[in-house]
Amino acid sequence: MVNAITIKGSKDSSDSLSCSLLGWYAVCTSKNLKNDGIYFFSLFNEPLALYRDKQNKTICIKDFCPHRGASFRGGEVKNNEIICPYHGARFASDQTCSKLANVNCQHIVDLRYDNYAKNTYLLQYPCEEIEDYIYVYYTGKPKAAVEEFRIKESLGTLLPESHGLRFSDYVYEEALLDFKCDWDRIVENHLDILHIFWMHGKSLPGNAIGRHSITSFDQKTETKANSIRTTYLHRNASNDEFISQIFIPPGRIIMYKGSLESARYVQILDHLPMGRNRARVIVRHYRKFFMSSSLSSLVLFKQLQLRTFYNIFLEDYLVLQTQTFSQQMGYMRDENIRLLGEDRPLKLFWDWHKSALRKCNPWDIHPISSNINSIHKDLLMVYPPENQRLVRKNNRIIYFRVILRIGIVFIFSLALYLLLT
Ligand code: FES
Ligand SMILES: [Fe+2]
């Protein structure tokens, strides 16, 4: 039975959490950005794209060609230049439009347009690639050169290393997932420990967590300028830890048990506010066990892990969508919501979120009214649970590989039998 409880060891407000909704976001992982590929996403409705330059450095551009406003969707990266699909304008990643001489469509731009080339450039955001994550510094106002940004928020506080995680001790599996709901609802969902028991018990391995074991927790909460750390303690005689979580605004949550230096298992969740009713989550599970890549591939660890990710997120999906509706209808006002003691981290999140919106509302920078073409919104949703095709593909891989393994064992046994008889 869950009761409202007093919070132990917590400061009573999130005032000291000073970050805004603008700043560094983990927008995808290195695997998502293939060489010569373009990765499309958006933040707060603004369409953006990533590609790699000559030095293999990631470049984040506004997805807008300055010739006549086409998206780079359908374009390509060749010899580390990004090429617009409409008239073939080529852009080098040294912040100058270098080679309009090479534009394919010669009846628009040819060798006589050198001056035009020098003054035509893409708009950018600062971008870093660390430990297979690609981070973008988002302000809502892209600039011609990354050097023009005055970066106030340090990327360091977002990095799990700065909270004690040693990546070299772990291997990981990861997935991206898209949702038609507001991103803050998903952040709240991932801070919410109680629903794991009620909603996800069947999908989690083992039977320790489920409706039968739902219980009350005390919490220790520590709020700093850039993060909130909460430890959930079983409210029983031993008061032992159930789980700890660190929320690092604007969009990262780290979950683990014990200390981040020694945890066997660490989950990192990143949340992208792509648009109203559009959010992407990057989930990565680090583990210190079962680290052999050949062994884990033999037992289909990755595919089975993906299946668990997809199931868990599908279980949440309807709730997230209906909550988004309730929020947009104005039903989620404080006076209509009755929080439990266990909901304290959620309250801290919403307090921060509200105060961050008051200081600067990124949704006002690129607003989308209902009569604006929805092409970017529609193209963005590519990962499950929105896209069931990928779920089915993953299931097919599992069935095929299981049959293949059984077949190999059967043939091997038969050959052995024939040899020995
Ligand atoms: S719109 Fe991009 S080259 Fe014309
Ligand atoms: Fe959930």
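Everything here concerns the structure above.
Cut-offs used in this document
- Residues numbered from 1 in each chain as written.
- Chains lettered and ligands numbered in written order.
- Predicted model: local features only at pLDDT ≥ 70, side-chain atom pairs only at ≥ 80, totals over all residues.
- Heavy atoms only, no water.
- Phe/Tyr/Trp six-rings, centres within 6.5 Å; stacked < 30°, edge-to-face > 60°.
- Helix = DSSP H or I, 4+ residues; strand = E, 2+ residues; numbered from the N terminus.
- Buried < 20%, exposed > 50% of the residue type's maximum accessible area, 1.4 Å probe, protein only.
- Pairing = 2+ DSSP bridges.

### Description of the packing of aromatic side chains
- Scanning the entire structure with this criterion turns up 26 aromatic pairs.
- For the ring pair Phe 44 and Tyr 138, a centre distance of 5.9 Å and an interplane angle of 25° mean the geometry is stacked. With Phe 44 in the loop between strand 2 (39-43) and strand 3 (46-52) and Tyr 138 in strand 10 (residues 133-138), the pair connects residues that are 94 residues apart, well separated along the chain.
- When its relative accessible area of 0% is taken as the criterion, Phe 44 is described as buried.

### Remarks on helix 2 (residues 183-191)
- With nine of its nine residues buried, helix 2 lies for the most part within the structure.
- Among the residues of helix 2, Trp 183, Asp 184, Arg 185, Ile 186, Val 187, Glu 188, Asn 189, His 190 and Leu 191 are the ones counted as buried.

### With respect to the pairing of strand 16 (residues 265-275)
- The element strand 16 is largely enclosed, with a buried count of 10 among its 11 residues.
- Pairing of strand 15 (residues 252-256) with strand 16, which is carried by five bridges, proceeds in the antiparallel orientation. Bridge assignment links Ile 253 to a residue of strand 16, and that residue is Leu 269.
- As paired elements, strand 16 and strand 17 (residues 278-287) share 10 bridges and run antiparallel to each other. Its bridge partner lying in strand 17, Ile 268 is registered against Arg 284.

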